[in-house]
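Coordinates in review
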Number of protein chains: 2
Amino acid sequence: MADHKVTFTIENNTDPVVATVSTGTLLSDAARLAGVEIGQPCGGQGRCGRCAVRVSTGNVRRRSTLRLSPQAIEDGYALACQSVVEGDASIYVPLQEKIVRNLTTDRIAAEVTVPADYDYLTSQTFKRIPLTLTPPNMDDQTDDWSRIQTALRIQASVDKVNVSLNSLRYIGKMLRDCEWKVTAILETDPSGGPARLVNLLPCHFKESDPLWGVVIDIGTTTVSLWMVNLITGKVMSQVAEYNGQIARGEDVISRIIYASKNGGENEMRELILDTIDRLLVKACQRLNARPAEIVKATISGNSTMMHLLLGIPSASIRLSPFITAVNHLPPITAREIGLHIHPEATVDCLPGVASYVGADITAGVLSSGLDQTEDMTLFIDVGTNGEIVLGNRDLQITCACSAGPAFEGAGVVDGMRATNGAIEEIWIDGETYEPTYRVIGNEKPKGICGSGLISLLSEAFLTGILDKAGNVNLMLPTSRVREGAHGAEYVVAWGMETGSGEDIVLSRVDIDNLLRAKAAIYAGFTVLADQVGIPLESVAKVQVAGSFGKYINVEKAVQIGLLPDVAWDQFEFLGNTSIKGAYLALLDWRKRQQIADIASRMTYIELSADNTFYEAFTSALFLPHTDLSKFPSVVEALKKTP
Amino acid sequence: MADHKVTFTIENNTDPVVATVSTGTLLSDAARLAGVEIGQPCGGQGRCGRCAVRVSTGNVRRRSTLRLSPQAIEDGYALACQSVVEGDASIYVPLQEKIVRNLTTDRIAAEVTVPADYDYLTSQTFKRIPLTLTPPNMDDQTDDWSRIQTALRIQASVDKVNVSLNSLRYIGKMLRDCEWKVTAILETDPSGGPARLVNLLPCHFKESDPLWGVVIDIGTTTVSLWMVNLITGKVMSQVAEYNGQIARGEDVISRIIYASKNGGENEMRELILDTIDRLLVKACQRLNARPAEIVKATISGNSTMMHLLLGIPSASIRLSPFITAVNHLPPITAREIGLHIHPEATVDCLPGVASYVGADITAGVLSSGLDQTEDMTLFIDVGTNGEIVLGNRDLQITCACSAGPAFEGAGVVDGMRATNGAIEEIWIDGETYEPTYRVIGNEKPKGICGSGLISLLSEAFLTGILDKAGNVNLMLPTSRVREGAHGAEYVVAWGMETGSGEDIVLSRVDIDNLLRAKAAIYAGFTVLADQVGIPLESVAKVQVAGSFGKYINVEKAVQIGLLPDVAWDQFEFLGNTSIKGAYLALLDWRKRQQIADIASRMTYIELSADNTFYEAFTSALFLPHTDLSKFPSVVEALKKTP
């Protein structure tokens, strides 16, 4: 096999380094040989996109380009962990983002989902109209705004246009400065009402000019933002960041409590606006755009996030009988909200169903297609909260499970978010009870994130460390089971291996919290299935939304009884369905209408008022469940373990 | 004749004083006898309302109550100059406002004009709906805003209602605080669109509760404001004040120049908003109301004032070809404008025709009825600017005369505004050439206001002090004609009589300015009549709008050739037609539509581009005109003078 010279040039580093490797060597391996550190938070599976490098010259074969945008590929980028050397090559290694925030959130957000040949143009609401106006003179003293209206009527057959006071304040000077050649950006009303002048540009547009829209998904933990070119319908930039409100509470309940305090509402509003501002700046920098060029925003998020963004008091969401101020929001201008895009841009806040089933779920259902299929489908979004929808095109029922954020690492002593240093997957040897694990960022472990906890619980159960009630078997011949400060526990990592020097353990208290969380979700499934009148196991499809679905090992999640035991090919993992739904609504008013219909038609079941819930919950407090017949694959797996 | 004891108690003064007078004595005379000073700026004609006193006990007959509101009369007020003693009486004398600003502007504004049995209710746009809501519970978790919408549908058959973000911010708490009993104030859309929630009150309304609207006329010099009870259609309070922008320029041109400077636009906007704020506070205090209770404002004013109020650049109004940014303004919320009424209140800025024919004229035409009559009518509004309309129900043409503010006292050495110390009327003895005059506020004269200048010019002409070209006849046997610093002049008041100790004179330069001003207006009439194709003298009616029309002596105005020489009964004096039109538009959307129609249909003639204007102007630069046949009554008057 031939030897190839691979030269690595590192950003901000003048000396290139070289590795000589054979055909078929992974670029990431070549880099290691050359002493170049390339972060691989996903462990080299091509899932996180963090090892992207640019191939300056030479031959490299890309096995997978997941997480790379078409633009990035065109620019020569490749994933080091997924590309093999086939000749001499020169590789440029961009500076690795060392900041945990960016590392983590990019890991969550970075995905490219441009629907192929989607016919958005027929149901787009924006018009971009070049106007050439006759300047006024003594025989034609028509006022500036009437002159524009007349031109729109004659040159573009637009009959009625509304205008804001703010636009009236600048049009006169602009018309004169640009010598009466402008481009009007209109937002039309699909129901036939007047159009609205959103922006006026001091020149005629070029066909290649983008027209920017933005979609924002405000998660309790993570805020994601996509910049969309409304002309092509393409997503041109995707960024994400932790919600700045996190420091004021991890879950919606603590956020509401904080917001209800004196001044808290404003502070929460400013925190989320700041987060969005930072994301706008970041997304725009990549595209050489300005936030003020964005003419529309479509926003998704749970009901609490929506209230906090808009400065609408959220206290009643938390208190029985759990009421939102508003589910279907009117269109609001960016100026009113304080969003720093074009002040006249419409901000379309998508509609929710109830206090704990918000726009993230209605948009998610839209993008999942649940409301269009004949098949009875279970849609679940386990983020900071757990929301579930069961239904098909004929009916949709929904509920929210107060699972708590256990699967985001909260309420578990050594739990942590899915960030650098988190154990994200664990395997336990059935004979020695010794674990092996994978850590995000390849660092010393600091704790265990949600996917790690699920995998740990499952492995511990299958290997007999835990019984079906979650009790730790202290009789096992290993020092890893012991009596700890919080009851019996299993040691996942000894202090000498960990970042803090302390043991990382799973204690009885942690196990109880995790069991309660997964039981709440499973009981939710059960209640919905009862309502529809079908056994849960007979659903045709299980759609798992959110980052949760992207990183957990589903087999393990079934094994602990968190997900129903259906065949592998019945599972779908959809990623951030909330932002995808918002994206479709941004481009297509019919999709927007469809979300409103979903929100209006969906039946919400309040679990805390449901008689069958408590029983279902109690039955689900076991591994995987009191009724093992519901989990045939787990029965099989138990048979295989020693 | 019986003697009566009249006791006067003066505000802030512990010792009452007494006069003994006979039946039929004027209260003002009784007061003088008792040594009580009661101001009578109008000279005791019952025109100014400044001598209002309260009759605590006893018999007094009110000959006239002009300028007293129905409330004031009910409270026992009487005009001292118009009420006679008919028995013993006890009179309370309120503190006289010594401040010139209030004195003068109240003189201009105070008028009560409630149209009798006007059927406003059929075309009112406001609905006041009491709602009793079922509180939410676990079986009905409808969001607050949907709950209100449902109640409006079921309890009041209101199908579609829009709501602002701001309203959504307070409804939740209000509903809970007031135990789900509220009153919704809706503004409906006469063209069938959705209604709009303007306000929500935390209780059911009482039938007697007022619902406040406000009309504002923004004059270049004076801002007038009426508080209107939208339930009864009655004007409940009328206040006026100088436009706070006066210190930045007397006329619209100087205001535009100031506004075009750095920061000037904002300053002008704030100045007018401040003026309106003060008026709101004043009007509300009288009614025990709060500005935030006002749910709608209708605003009239010339195009420059409208631009300055809204912060829309006005520079192009001043520069050829004289273009406004916008004539027909969209409805704007008070929040956007910064008007301190209810932030969700619609502010309806009435439409104008052109840079120098604004909403004050379209509203004026509406209230004058010109657009509804068969008779060819001349409508003139000589304020700080001079606007003219000629027409009837079939056509209306209009122009603006750059008369300049000479008739408001500017551009004339001893000219001044119609405020305390201004000579407002003058008579000259045809044999001695000695003048007598009346001074506003009965003070020593400080100068001559517009009505005084007209009367002076006319008297000087008729007595031969001036020839038809405006030359002062220095040959007359009186020391009052003399050569002065600004050419030949006539002394109206010697220094020993005046406030300043200086002579008050009318000089050749002043005369030229006044001739140019009146010639510009008369030439405007001529051009319009030419356009319509009738002789000016054949118009059926001359409607004189504005305070100008209220205080000038029309005979004198005809004698100097400022007004056309038609029969006395063809003149109508309409007062502030601008605010009256706005008042009608506030109450009645059909009237509002009518103003829009007037604005759209009216033909504007730009005099500076009109070939016949200059000739007409030159012919009118004489007293009364080169063509005396146009002024038969003046020919008659000249025959009668020595």
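Our structure is the block above this text.
It should be emphasised that the depicted structure is a prediction, and the values quoted were computed from it without experimental measurement. (Residues numbered from 1 in each chain as written. Chains lettered and ligands numbered in written order. Predicted model: local features only at pLDDT ≥ 70, side-chain atom pairs only at ≥ 80, totals over all residues. Heavy atoms only, no water.)

1. A short note on the packing of helix 7 (residues 264–287) of chain A against helix 8 (residues 303–310) of chain A
Residues and elements named next belong to chain A. Between helix 7 and helix 8, the least distance of the axes is 7 Å, while the angle of their chain directions is 95 degrees. What the angle tells us is that helix 7 and helix 8 run roughly perpendicular. Packed against helix 7, whose contacting residues are Met268, Arg269, Ile272, Leu273 and Ile276, the element helix 8 presents Leu308, Leu309 and Leu310 at the interface. Residue composition of the contact of helix 7 with helix 8, grouped by class: seven nonpolar, no polar and one charged. (Axes fitted to C-alpha atoms, helices over the stretch in contact; angles between N-to-C directions. Helix = DSSP H or I, 4+ residues; strand = E, 2+ residues; numbered from the N terminus. Parallel < 35°, antiparallel > 145°, perpendicular 65-115°, else oblique. Contact = heavy atoms within 4.5 Å. Nonpolar A, V, L, I, M, F, W, Y, C, P; charged D, E, K, R; others polar.)

2. Regarding the relation of the copies chain B and chain A
When chain B is fitted to chain A, the best match, at an RMSD of 0.3 Å, comes from turning it 180 degrees and sliding it 0.1 Å along the axis. Such a combination of turn and shift is consistent with a two-fold rotation axis. The share of interface residues of chain B whose copies in chain A are also at the interface is 100%, consistent with both copies meeting through the same surface. (Least-squares fit on C-alpha atoms with pLDDT ≥ 70 in both.)

3. Some words on the interface of chain B and chain A
Contacts between the two partners involve 38 residues from chain B, matched on the other side by 38 residues from chain A. Buried surface at the junction of chain B and chain A, both sides included, amounts to about 3000 Å², of which 61% is carbon and sulfur. Viewed at the interface, chain A and chain B are joined by 14 residue pairs in polar contact (both at pLDDT 80 or more). At the level of elements, helix 4 (144–156), helix 5 (165–177) and helix 10 (334–337) of chain B are the ones that each hand at least two residues to the side of chain B that touches chain A. For the side of chain B that touches chain A, the element with the highest residue contribution is helix 5 of chain B, accounting for five residues. Across the side of chain B that touches chain A, the residue classes tally to 21 nonpolar, nine polar and eight charged. (Buried area = accessible area lost by both parts, 1.4 Å probe. Polar contact = N/O pair within 3.5 Å; in protein donor to acceptor, adjacent residues only side chain to side chain.)

4. Some points on the sheet that holds strand 21 (residues 447–448) of chain B
Residue and element names in this part refer to chain B. Strand order in the open sheet formed by three strands is 20-19-21, with mixed pairing between adjacent strands. Looking at the sheet topology across the chains shown, the edges are occupied by strand 20 (435–439) and strand 21. Pairing geometry for strand 19 (residues 422–428) and strand 20, over five bridges, is antiparallel. Within strand 20, the position partnered with isoleucine 428 by the bridge is proline 435. (Pairing = 2+ DSSP bridges.)

5. Brief notes about the nonpolar core
If you look at soluble globular proteins, the nonpolar side chains tend to sit buried side by side. Core analysis: the largest hydrophobic core is formed by 104 residues, its most contacted members being Leu225(A), Ile276(A) and Leu339(A). Examining the composition of this core, we find that nine residues originate from one element, helix 7 of chain A, more than from any other. If we skip the residues at most four places from it in the chain, Leu339(A) touches Leu273(A), Ile276(A), Ala297(A), Ile299(A), Ala334(A) and Val347(A). Core analysis: the second largest hydrophobic core is formed by 103 residues, Leu175(A), Val239(B), Leu279(B) and Tyr604(B) among them. (Core = buried A, V, L, I, M, F, W, Y, C linked by side-chain atoms within 4.5 Å. Buried < 20%, exposed > 50% of the residue type's maximum accessible area, 1.4 Å probe, protein only.)

6. Concerning the packing of aromatic side chains
Applying the stated rule across the entire model yields 14 aromatic pairs over all chains. Here Phe613(A) and Phe617(A) contribute two aromatic rings whose centre-to-centre distance is 6.0 Å and whose plane-to-plane angle is 20 degrees, an arrangement assigned as stacked. Note that Phe613(A) and Phe617(A) are positioned in helix 18 (residues 611–619) at a spacing of four residues, about one turn of the helix. Residues Phe613(A) and Phe617(A) agree in their burial class; the two are buried. On the numbers, 6.2 Å between centres and 70 degrees between planes, the contact of Phe322(B) with Tyr356(B) is edge-to-face. (Phe/Tyr/Trp six-rings, centres within 6.5 Å; stacked < 30°, edge-to-face > 60°.)

7. Here's the deal with the environment of Val481(A)
Residues and elements named next belong to chain A. Relative to the helices and strands, valine 481 is located in strand 22 (residues 481–484). Residue classification places valine 481 among the buried residues on the basis of a relative accessible area of 7%. In sequence terms valine 481 and glutamine 396 are 85 residues apart; their C-alpha atoms lie 45 Å from each other. For valine 481, the contacting residues outside a window of four places in its chain are Ile465, Val472, Asn473, Leu474, Leu476, Glu489 and Tyr490.

8. Side note on unusual backbone geometry
Most of the time, phi is negative for any residue but glycine, and the peptide bond is trans. In this structure, the amide linkage connecting Ser320(A) to the following residue, Pro321(A), adopts the cis form with an omega of 5 degrees. With respect to the secondary-structure elements, Pro321(A) resides in the loop between helix 9 (315–318) and strand 14 (332–333). Residues other than glycine seldom take positive phi values, yet Ser157(A) does so here, at roughly 55 degrees. Relative to the helices and strands, Ser157(A) is located in the loop between helix 4 (144–156) and strand 7 (161–162). Look at Ser157(A) and you get exposed, because its relative accessible area is 62%. For Phe322(B), which is not a glycine, the phi torsion comes out positive at approximately 60 degrees. Inspection of the secondary structure puts Phe322(B) in the loop between helix 9 (315–318) and strand 14 (332–333). Since its relative accessible area comes to 17%, Phe322(B) is described here as buried.

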